[in-house]
Amino acid sequence: MFNFIKNKLQKIYSAVTSKLASFFGQAKVDEATLKELEKLLIAADTGVKTTRTIIEQLREGIKHGSIKEGESLRIALEPILNDVLKSGGSPNLDTNVFLLVGINGSGKTTFASKLAHQHVQHGKKVLFVAADTFRAAAPEQLTCWAERTGADIVLGKPNQDPASVVFEGCQKFKTDNYDILIIDTAGRLQTKSHLMDELGKIGRVVAKQLPDSSIATLLTVDSMLGQNSFEQAKLFQESTNVNGIVLTKMDGTGKGGIVFAIAHELKIAIAYITFGEQPDQLKRFNAHDYVHELLYQ
Ligand SMILES: Nc1nc2c(ncn2[C@@H]2O[C@H](COP(=O)(O)OP(=O)(O)O)[C@@H](O)[C@H]2O)c(=O)[nH]1
Ligand SMILES: [Mg+2]
């Protein structure tokens, strides 16, 4: 299974790493090299701002003589990239309540089921709350996942106030002694104030009903949207206290740079990455491993 996951992730790295390798083989690294590297990073979705930060530090390295040839460029890049990822902080995922937010289609429900699968595998009793009462097909989708993963589910009625479904979910969580609660929400974005109202209400219900629980609010971001996903992510960030990002569909993008742009520009840590539609295609994001794979694979 590990190899399978590794092969899938390989695709994420390959487009960038094979190009990076040609830089690391160079006998001399100068301003022209940095210009080329800058282009590569931007093309890999690293974002203009984040790329500038990285290139600026490399330029200093050349100036001070610590970067002369390809291998020293590689050695210099590792701590620089690690620092970029560190700017997002590190999320506390040792929690028992997960509130999933993000726009429609970003992968909330799929992630919910993967997270449930992981916890069920570890012997936990998992309850889903289908608080997306807006989309007719949403409860069916989650019910189907609940059956596949062995989790239980609390369903809302069509157009029921999502916060009241969450209330029912919290009650069941307490009375039936569940270990993990996963709340799947709708991703409607008509207006910012509507989003804030809805998420605020849900958050207050959870905080009031489960005062002793630790809650992680995770924002799903579709990695295939590249920089376009940032504005949406910012809107959620302003509407609710996001603890971590779930970067979804990493199997669909050959552009591994997006993780740096997210951490650096949104200042939110990446908690998980997902790379397919199967229940086990989910990985806790490890910054050091990610950087190491990019540079040394
Ligand atoms: N390739 C790929 N597709 C994914 C991944 N995660 C979700 N999807 C697909 O993206 C679509 C939207 O996902 P869904 O979980 O329904 O998004 P939601 O609207 O935020 O709940 C579905 O067709 C999923 O199968 C992933 O990691 N990789
Ligand atoms: Mg959904």
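Values in this document were obtained by computation on a predicted structure and should not be read as measured data.

Novice: What am I meant to see in the overall build of the chain here?
Specialist: Helices and strands together make up the secondary structure of the chain, namely 11 helices and 8 strands. What you see for the chain is a C-alpha radius of gyration of 21 Å, in line with the 19 Å of a compact globule of 297 residues. In terms of principal-axis extent, the alpha carbons of the chain reach across some 65 × 40 × 35 Å. A burial count over the chain gives 52% of its 297 residues as buried. When contacts within the chain are restricted to residue pairs at least 6 apart in sequence, long-range pairs at least 24 apart make up 77% of them. Summed over its atoms, the accessible surface of the chain is roughly 13,300 Å², and 53% of this surface lies on carbon and sulfur atoms. Taking the average location of the 34 positive side-chain charges in the chain and that of its 33 negative ones, the two points are 1 Å from each other.

Novice: Would you explain the site of ligand 1 in this entry?
Specialist: As a matter of local geometry, ligand 1 sits amid 16 residues, with G105, T110, D251, T274 and E277 nearest to it. Taking T274, its side chain carries an N or O atom lying 2.6 Å from an oxygen atom of ligand 1. Between an oxygen atom of ligand 1 and a side-chain N or O atom of E277, the distance comes to 2.3 Å. About the coverage of ligand 1: the protein hides 79% of its 580 Å² of free accessible area. The element contributing the most residues to the shell around ligand 1 is helix α5 (residues 108-121), with 4 residues. Class assignment of the residues belonging to the shell around ligand 1 gives a composition of 2 nonpolar, 9 polar and 5 charged.

Novice: When you look at the confidence of the model for the chain in this model, what are you seeing that I'm missing?
Specialist: Low pLDDT means the predicted atomic positions in that stretch should not be read closely. Averaged over all residues, the pLDDT of the chain is 89; the fraction at 70 or higher stands at 94%. Of all helices and strands in the chain, the one with the weakest mean pLDDT is helix α1 (residues 2-24) (66), whereas helix α3 (residues 48-63) scores best (97). Here residues 1-5 scores under 50 on pLDDT; set against residues more than four positions off or in separate chains, the count is 4 contacts.

Novice: What is the right way to read the pairing of strand β7 (residues 270-274) from this model?
Specialist: As a general feature of sheets, a regular strand has side chains that alternate between the two faces. For β7, a buried count of 5 out of 5 residues is recorded, marking the element as mostly surrounded by other parts of the structure. The pairing of strand β6 (residues 244-248) with β7 spans 3 bridges and is parallel. Its bridge partner being in β7, V246 is matched across the sheet by Y272. Where β7 meets strand β8 (residues 282-284), 3 bridges bridge the pair, whose relative direction is antiparallel. Bridging across to β8, I273 finds its partner in K283.

Novice: How do you make sense of the pattern of salt bridges when you look at a structure like this?
Specialist: Two side chains with opposite charge may pair up if their charged atoms get near one another. Under the counting rule described, the total for this entry stands at 11 salt bridges. Note that K39 is salt-bridged to E36, the shortest N-O span being 3.2 Å. Of the two residues, K39 and E36 both sit in helix α2 (residues 31-43), 3 residues apart, roughly one turn of that helix. Residues D176 and K172 are paired through a salt bridge, measuring 2.9 Å at the closest nitrogen-oxygen approach. Classification of D176 by relative accessible area gives partly exposed; the value is 32%. Bridged by salt links that share partners, the residues E31, K35, E56 and R59 form one connected network.

Novice: What is the right way to read helix α4 (residues 70-86) from this model?
Specialist: Residues three or four positions apart in an α-helix share a direction because the helix packs 3.6 residues into each turn. The end-to-end C-alpha distance of α4 is 25 Å, a good match for the 24 Å that 17 residues give at a rise of 1.5 Å each. Approximately 25 degrees is the largest bend angle found in α4, and it occurs at L77, with the proline P79 only one to four residues beyond. Of all 17 residues that make up α4, 12 are buried, and the element is covered over most of its length. Of all the positions in α4, only G70, S72, L73, R74, A76, L77, E78, I80, L81, N82, V84 and L85 are classed as buried.

Novice: What am I meant to see in the pairing of strand β3 (residues 152-155) here?
Specialist: Looking at chain direction, strand β2 (residues 126-130) and β3 are connected through 4 bridges and run parallel. The partner of F128 across the bridge, within β3, is I153. Regarding the hand of the β-α-β motif, the stretch spanning β2, helix α6 (residues 138-149) and β3 is right-handed.

Novice: Got a minute to help me understand the domain arrangement of the chain in this structure?
Specialist: It is common to report an interface's size as the accessible area lost on association of the parts. Parsing the chain into structural domains produces domain 1 (2-86) and domain 2 (97-286). On a C-alpha basis, the centroid separation for the pair domain 1 and domain 2 is 32 Å. Of the residues lining the interface, 19 residues belong to domain 1; the matching set on domain 2 comes to 23 residues. Summed over both partners, the interface of domain 1 with domain 2 buries about 1,900 Å², with 65% contributed by carbon and sulfur atoms.

Rules behind the numbers
- Residues numbered from 1 in each chain as written.
- Chains lettered and ligands numbered in written order.
- Predicted model: local features only at pLDDT ≥ 70, side-chain atom pairs only at ≥ 80, totals over all residues.
- Heavy atoms only, no water.
- Helix = DSSP H or I, 4+ residues; strand = E, 2+ residues; numbered from the N terminus.
- Rg over C-alpha atoms; globule rule 2.2 N^0.38 Å.
- Buried < 20%, exposed > 50% of the residue type's maximum accessible area, 1.4 Å probe, protein only.
- Contact = heavy atoms within 4.5 Å.
- Areas by Shrake-Rupley, 256 points an atom, 1.4 Å probe, with all protein chains shown as cover.
- Lys, Arg positive; Asp, Glu negative; His and termini not counted.
- Charge placed at Lys NZ, Arg CZ, Asp CG, Glu CD.
- Near = heavy atom within 4 Å.
- Polar contact = N/O pair within 3.5 Å; in protein donor to acceptor, adjacent residues only side chain to side chain.
- Nonpolar A, V, L, I, M, F, W, Y, C, P; charged D, E, K, R; others polar.
- pLDDT = per-residue confidence, 0-100.
- Pairing = 2+ DSSP bridges.
- Salt bridge = Lys/Arg side-chain N within 4 Å of Asp/Glu carboxyl O.
- Expected span 1.5 Å × (residues − 1).
- Bend = angle between axes of the 7 residues up to and from the residue.
- Right-handed = clockwise from strand over helix to strand, strands pointing away.
- Domains from an automatic or database assignment.
- Buried area = accessible area lost by both parts, 1.4 Å probe.

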